[in-house]
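Geometric and topological summary
These are the residues of each chain, in order.
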Amino acid sequence: MATATAALLDVRHLGMRFGGIVALDDVSFTARRGEITAVIGPNGAGKTTAFNCITGFYRPSAGGLHLTHADGRGFALAAMPGHLIARRARVARTFQNIRLFAGMTALENLLVAQHAPLMAATGLGVLAILGLGRYRAAERRAIDKARMWLERIDLLARADDPAGALPYGAQRRLEIARAMCLDPVLLCLDEPAAGLNPRETAALDALLLGIRDQGCSILLIEHDMGMVMRISDHIVVLDHGRKIGDGTPAEIRADPHVIAAYLGEDDESADALARAAAP
Amino acid sequence: MTNQGSPLRDAFLSALVALGLFAPMVGLQTHVGAHGIALVPRPLAVASLVGAVFVLRLAIRLWQGRRPAAGMSMMAGAAAGRIALAAGRARRFLVPALLALALLMPVVASRSTLDLGVLVLTYVMLGWGLNIVVGLAGLLDLGYVAFYAVGAYSYALIAQATGLGFWSCLPAAGALAALWGITLGFPVLRLRGDYLAIVTLAFGEIIRIVLLNWVSLTGGPNGISGIPRPTLFGLRFTMTDEPGTFAGFFHLAPSSAHRLVFLYYVILALALLTNWVTLRLRRQPLGRVWEALREDEIACRSLGINITTTKLTAFAVGACFGGFAGAFFATRQGFISPESFTFMESATVLAIVVLGGMGSQLGVVLAALVMIGGPEMFRALADYRMLIFGLALVVMMVLRPRGLVTERKPSVSLGGAARAIPAALIAEGRS
Ligand SMILES: Nc1ncnc2c1ncn2[C@@H]1O[C@H](COP(=O)(O)OP(=O)(O)O)[C@@H](O)[C@H]1O
Ligand SMILES: [Mg+2]
């Protein structure tokens, strides 16, 4: 099955250094269309840095990032400005420390994400001030889409509450919904299950699988090994900026390098991996 | 707040500071006697002031100490919530009342009050214009007076060069100010927070110094005089009733009050236009993204929003209204010089925005009334008015550090009535 699906994101010899620190060193992997690709590794392994390169927040010091849409259009992400990666290449992301617009409502958060289509309907903003143009219909569509996502993440009742006042788990889900309002082809999630209780994690599993099945591929950084093993189709393991493993969940579970890395670095994660590895 | 020693020690230190401040300022009075100026010491006045500071500080500390910190902040939260609720209820009546008062002002007010009204409205308009940049987009702009100056000089120069009137030149003055906003914004908008504040501060000064030194164009320190006054559909306001004048057309006795009333309504209309555009924009994608930018720039970038152009639009729209206000200022005065466009103006307008509560339109009105109207009203108190004014600002900082109107109304809602968002959640966009 893996060979049948086409490559969506091709990470080639990616390198990133900050002064003397080598955060990523010659990392190559492929995220395939229609799959959940997990990126795991101990703290400081370079996972977030890789995301920042992919989404244009950092310019890689070496290597290339190639994204191919289903219609064959290709994007060299490493050379694109950050906002165009989201708008044109359609790569959306969430952040390890939640970055919602705390003083704006949940609904407003989802509307800001639909800025590009809304702005296009306003005629450079001038027509919208006068209430002219196709703006009204565009706004209704945007609100409908936001409502649909609020329903999916079970936050419809709190649509008009400020995002900053929502419980932690709800904020995590809202950030995912906001990213999804961009209609991305690739959704990059940085530790979406951090701080969630088991019930919320189960709901997140379902949400992510649903997103994958509707055609949006996912790149997932996660420390919750149970979740990674349950939902990912493919796993990439980083350690100290290098790739030390790449394969299906079953392959990764059995990989001695991976287990060694986890045992050496981080007791909690090692335990989690060991537990996940147990049948 | 951190605990600084015992209350008694703290009160003693405060009294010491007060002694240092008041001893020279209050304790020594100059007295013009037969042999020139003599210094008369006033130990009693100093002692009573220092004593008052000591007692007040002690009382505050003891009052604070009576309850644990956690309970205190929760109490404060609940109180703030109650205030916000009351403010929300009051606002429904306050806004129409203020609007009615503004419209009826020329009928009921005396000449000098109306003059003050024009001044207050000019600052309301400037405050609303700056509110777009600072309150909505969260860009700290300390050089807003630059756009005010560009608008004023644009109008004066264009009107003198082409002979066109106020209304024909007004759009050009706004457009030129916006152009300068973009020109300034383009290189500096990558800067954040304090750096942006410093660069805009410098820009304001540069404009003023250029105006001062480019004598051949601007007349330098002499300024520009004989700027055309505004007309009502071509009717001039003069002290005669010949044809083509307001008094002549309506068969009224010529009076200088006509022009004042007309100017009042012009600035009222311009200010309301600023408000209307801002309120409309806030509910449009552009305004919503300005607010999102204030909340979190990085998140905006991850959502495909071009931060530079978005900031530029905020800068340009804010500058445009500053330019309109400047053109009005020029036509009202009939004379402008660089002296009218000092940093003090930027600081006053910024103070109005901050005092009003960042992003709040009603807050700007209240703050302009307090900041501009207040000192004028208490002119009778002579030297003490600035003291009272300073004291009022300090009290504000302690009681309502986020400004007069602190909540934010959502720009859109699914359910019927949108609930206001408390200030604690709203970013101020300074990082
Ligand atoms: N902006 C930065 N400047 C300097 N060092 C950085 C920066 N971002 C990340 N690093 C370093 O890169 C390494 C990888 O960090 P990160 O990608 O955040 O790890 P993680 O896998 O836990 O997400 C760490 O050593 C971190 O200190
Ligand atoms: Mg990380």
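Residues numbered from 1 in each chain as written. Chains lettered and ligands numbered in written order. Predicted model: local features only at pLDDT ≥ 70, side-chain atom pairs only at ≥ 80, totals over all residues. Heavy atoms only, no water.

The next subject is the packing of helix 4 (residues 111–136) of chain B against helix 14 (residues 343–356) of chain B. Residue and element names in this part refer to chain B. Between helix 4 and helix 14, whose axes approach to 9 Å, the crossing angle comes to 75 degrees. It follows that helix 4 is roughly perpendicular to helix 14 by the angle criterion. Where helix 4 approaches helix 14, its residues Tyr123, Leu126, Gly127, Leu130, Asn131 and Val134 are matched on the opposing element by Glu345, Thr348, Val349, Leu350, Ile352 and Val353. The residue makeup of the contact of helix 4 with helix 14, split by class, is eight nonpolar, three polar and one charged. (Axes fitted to C-alpha atoms, helices over the stretch in contact; angles between N-to-C directions. Helix = DSSP H or I, 4+ residues; strand = E, 2+ residues; numbered from the N terminus. Parallel < 35°, antiparallel > 145°, perpendicular 65-115°, else oblique. Contact = heavy atoms within 4.5 Å. Nonpolar A, V, L, I, M, F, W, Y, C, P; charged D, E, K, R; others polar.)

We now examine the nonpolar core. Among the nonpolar cores identified, the biggest contains 89 residues, and Tyr155, Trp290, Ile336 and Phe341 of chain B are the most heavily contacted of them. Those residues in contact with Phe341 of chain B, other than ones at most four positions away along the chain, are Val145, Tyr148, Ala149, Ala152, Tyr153, Arg208, Phe329 and Ile336 of chain B. (Core = buried A, V, L, I, M, F, W, Y, C linked by side-chain atoms within 4.5 Å. Buried < 20%, exposed > 50% of the residue type's maximum accessible area, 1.4 Å probe, protein only.)

Looking now at the sheet that holds strand 6 (residues 91–93) of chain A. Residue and element names in this part refer to chain A. Pairing within the open sheet is mixed, and its six strands lie in the order 6-7-8-3-9-10. Looking at which strands have only one partner, the edges of the open sheet turn out to be strand 6 and strand 10 (242–247). Taken over all neighbouring pairs, the strand axes of this sheet differ in orientation by 20 degrees on average, direction set aside. Of the pairings in the sheet, the one linking strand 3 (residues 36–40) to strand 9 (residues 234–239) comprises four bridges and is parallel in character. What sits directly across from Ile40, in strand 9, is Val237. (Pairing = 2+ DSSP bridges.)

This part covers the coordination of the magnesium ion (ligand 2). Residue and element names in this part refer to chain A. Donor atoms from the polypeptide that bind the magnesium ion (ligand 2) are Thr48 (OG1) and Gln96 (OE1), placed at 2.0 to 2.2 Å. Of this pair, Thr48 sits in helix 1 (residues 47–54) while Gln96 sits in the loop between strand 6 and helix 3 (106–112), placing them 48 residues apart in sequence. Residue class for Gln96 comes out partly exposed when judged on its relative accessible area of 32%. (Donors = N, O, S within 2.8 Å, 3.2 Å for Na, K, Ca; no water.)

Our focus in this paragraph is the domain arrangement of chain A. Residue and element names in this part refer to chain A. According to the domain assignment, chain A consists of domain 1 (1–90 + 186–220 + 231–279) and domain 2 (99–182). The partner domain 2 presents 12 residues to the 19 residues of domain 1 that form the contact. For the pairing of domain 1 and domain 2, the buried interface totals around 1200 Å² over both sides, and the portion due to carbon and sulfur atoms is 68%. Among the residues domain 1 hides against domain 2, the three largest losses belong to Leu187, Leu207 and Gln214. Together they make up 31% of the total. Viewed at the interface, domain 2 and domain 1 are joined by zero salt bridges. In this structure, the connection of domain 1 to domain 2 is made through three residue pairs in polar contact (both at pLDDT 80 or more). (Domains from an automatic or database assignment. Buried area = accessible area lost by both parts, 1.4 Å probe. Salt bridge = Lys/Arg side-chain N within 4 Å of Asp/Glu carboxyl O. Polar contact = N/O pair within 3.5 Å; in protein donor to acceptor, adjacent residues only side chain to side chain.)

Here we take up the pairing of strand 3 of chain A. Residues and elements named next belong to chain A. Within strand 3, five of the five residues are buried, which leaves the element mostly enclosed by the surrounding structure. Residues Ile36, Ala38 and Ile40 point to one face of strand 3 and Thr37 and Val39 to the other, with burial holding for every one of them. Judged from the four bridges that link them, strand 3 and strand 8 (residues 217–221) form a sheet pairing that is parallel. Looking at the pairing, Ala38 lines up with Leu220 of strand 8.

Moving on, we come to the site of ligand 1. Residues and elements named next belong to chain A. Around ligand 1 lies a shell formed by Phe18, Ala23, Pro42, Asn43, Gly44, Ala45, Gly46, Lys47, Thr48, Thr49 and Tyr58. One of the side-chain nitrogen or oxygen atoms of Thr48 is found 2.6 Å away from an oxygen atom of ligand 1. The separation between an oxygen atom of ligand 1 and a polar side-chain atom of Thr49 is 2.6 Å. Starting from 560 Å² of accessible surface for ligand 1 in isolation, the protein chains cover 65%. Partitioning the shell around ligand 1 into residue classes produces five nonpolar, five polar and one charged. (Near = heavy atom within 4 Å. Areas by Shrake-Rupley, 256 points an atom, 1.4 Å probe, with all protein chains shown as cover.)

In this section: the packing of helix 11 (residues 285–295) of chain B against helix 13 (residues 307–333) of chain B. Residue and element names in this part refer to chain B. Running from N to C, helix 11 and helix 13 point in directions that differ by 110 degrees, and their axes come no closer than 10 Å. Considered as vectors, helix 11 and helix 13 are oriented roughly perpendicular to each other. Facing helix 11, whose interface residues are Leu286, Val289, Trp290 and Leu293, helix 13 presents Ile307, Thr310, Lys311, Thr313, Ala314 and Val317. Taken together, the residues that form the contact of helix 11 with helix 13 break down as seven nonpolar, two polar and one charged.

For chain B, the domain assignment lists domain 1 (5–67) and domain 2 (114–376). Just the C-alpha atoms count here: the centres of domain 1 of chain B and domain 2 of chain B sit 42 Å apart.

All names here are of chain B. Together, Leu99, Leu103, Leu104, Val107, Val108, Tyr265 and Leu272 make up an exposed nonpolar region whose accessible area comes to about 640 Å². Of all the secondary structure elements, the ones that give two or more residues to the nonpolar patch are helix 3 (69–108) and helix 10 (256–282). In terms of residues, the nonpolar patch owes the most to one element, helix 3, which gives five residues. Structurally, Leu103 can be placed in helix 3. (Patch = residues over 30% accessible without salt bridge, like charges linked within 9 Å, V, L, I, M, F, W, Y side chains within 5 Å.)

According to the stated counting rule, one finds 14 aromatic pairs over all chains in the structure shown. Between the aromatic rings of Phe321 of chain B and Phe324 of chain B, the centroid separation amounts to 5.9 Å while the plane-to-plane angle is 70 degrees, which identifies the pairing as edge-to-face. Residue Phe321 of chain B and its partner Phe324 of chain B are located together in helix 13, separated by three residues, close to a single helical turn. Judged by centre distance (5.8 Å) and plane angle (75 degrees), the ring pair of Phe329 of chain B and Phe341 of chain B falls under edge-to-face. With Phe329 of chain B in helix 13 and Phe341 of chain B in the loop between strand 4 (335–336) and helix 14, this residue pair connects regions lying 12 residues apart in the sequence. Across the pair, Phe341 of chain B and Phe329 of chain B agree in class, each one buried. Among the aromatic residues, those joined into a cluster by ring pairs are Tyr144, Phe147, Trp180, Phe203 and Phe315 of chain B. The residue whose ring lies beneath Arg178 of chain A is Phe101 of chain A, and the NZ or CZ to ring-centre distance is 4.8 Å. Positioned over the ring face of Phe57 of chain A is Arg301 of chain B, at 4.5 Å from the centre of the ring. (Phe/Tyr/Trp six-rings, centres within 6.5 Å; stacked < 30°, edge-to-face > 60°. Lys NZ or Arg CZ within 6 Å of the ring centre and 35° of its normal.)

With that settled, consider the side chain of Arg93 of chain A. With respect to the helices and strands, Arg93 of chain A occurs in strand 6. Here Arg93 of chain A sits buried without a salt bridge, and the closest side chain of opposite charge, Asp190 of chain A, lies 4.3 Å off (N-O distance). A polar contact is formed between the side chain of Arg93 of chain A and the side chain of Asn52 of chain A, at a distance of 2.6 Å. A polar atom in the side chain of Arg93 of chain A sits 3.1 Å from the side chain of Thr55 of chain A. Setting aside its immediate chain neighbours within four residues, Arg93 of chain A contacts Phe51, Asn52, Thr55, Phe57, Ala179, Cys188 and Asp190 of chain A together with Ser302 of chain B. (Lys, Arg positive; Asp, Glu negative; His and termini not counted.)

Enumeration according to the criterion identifies 20 salt bridges over all chains in this entry. Arg73 of chain A serves as the salt-bridge partner of Asp71 of chain A, at 3.3 Å between the closest nitrogen and oxygen. By relative accessible area, which is 56% here, Asp71 of chain A ends up exposed. Between Arg212 of chain A and Asp213 of chain A there is a salt bridge, and its shortest N-O distance comes to 3.2 Å. Note on Arg212 of chain A: relative accessible area 17%, which makes it buried. Here the salt bridges do not stand alone but share partners, grouping Arg282, Glu291, Arg294 and Glu295 of chain B into one network.

To continue, consider the pairing of strand 8 of chain A. All names here are of chain A. Taken across its five residues, strand 8 has five buried, putting it largely inside the fold. Here strand 8 shows a buried face lined by Ser217, Leu219 and Ile221 and a second buried face lined by Ile218 and Leu220. As paired strands, strand 7 (residues 186–190) and strand 8 are joined by five bridges and run parallel to one another. Across the sheet, residue Leu187 finds its bridge partner in strand 8, namely Ile218.

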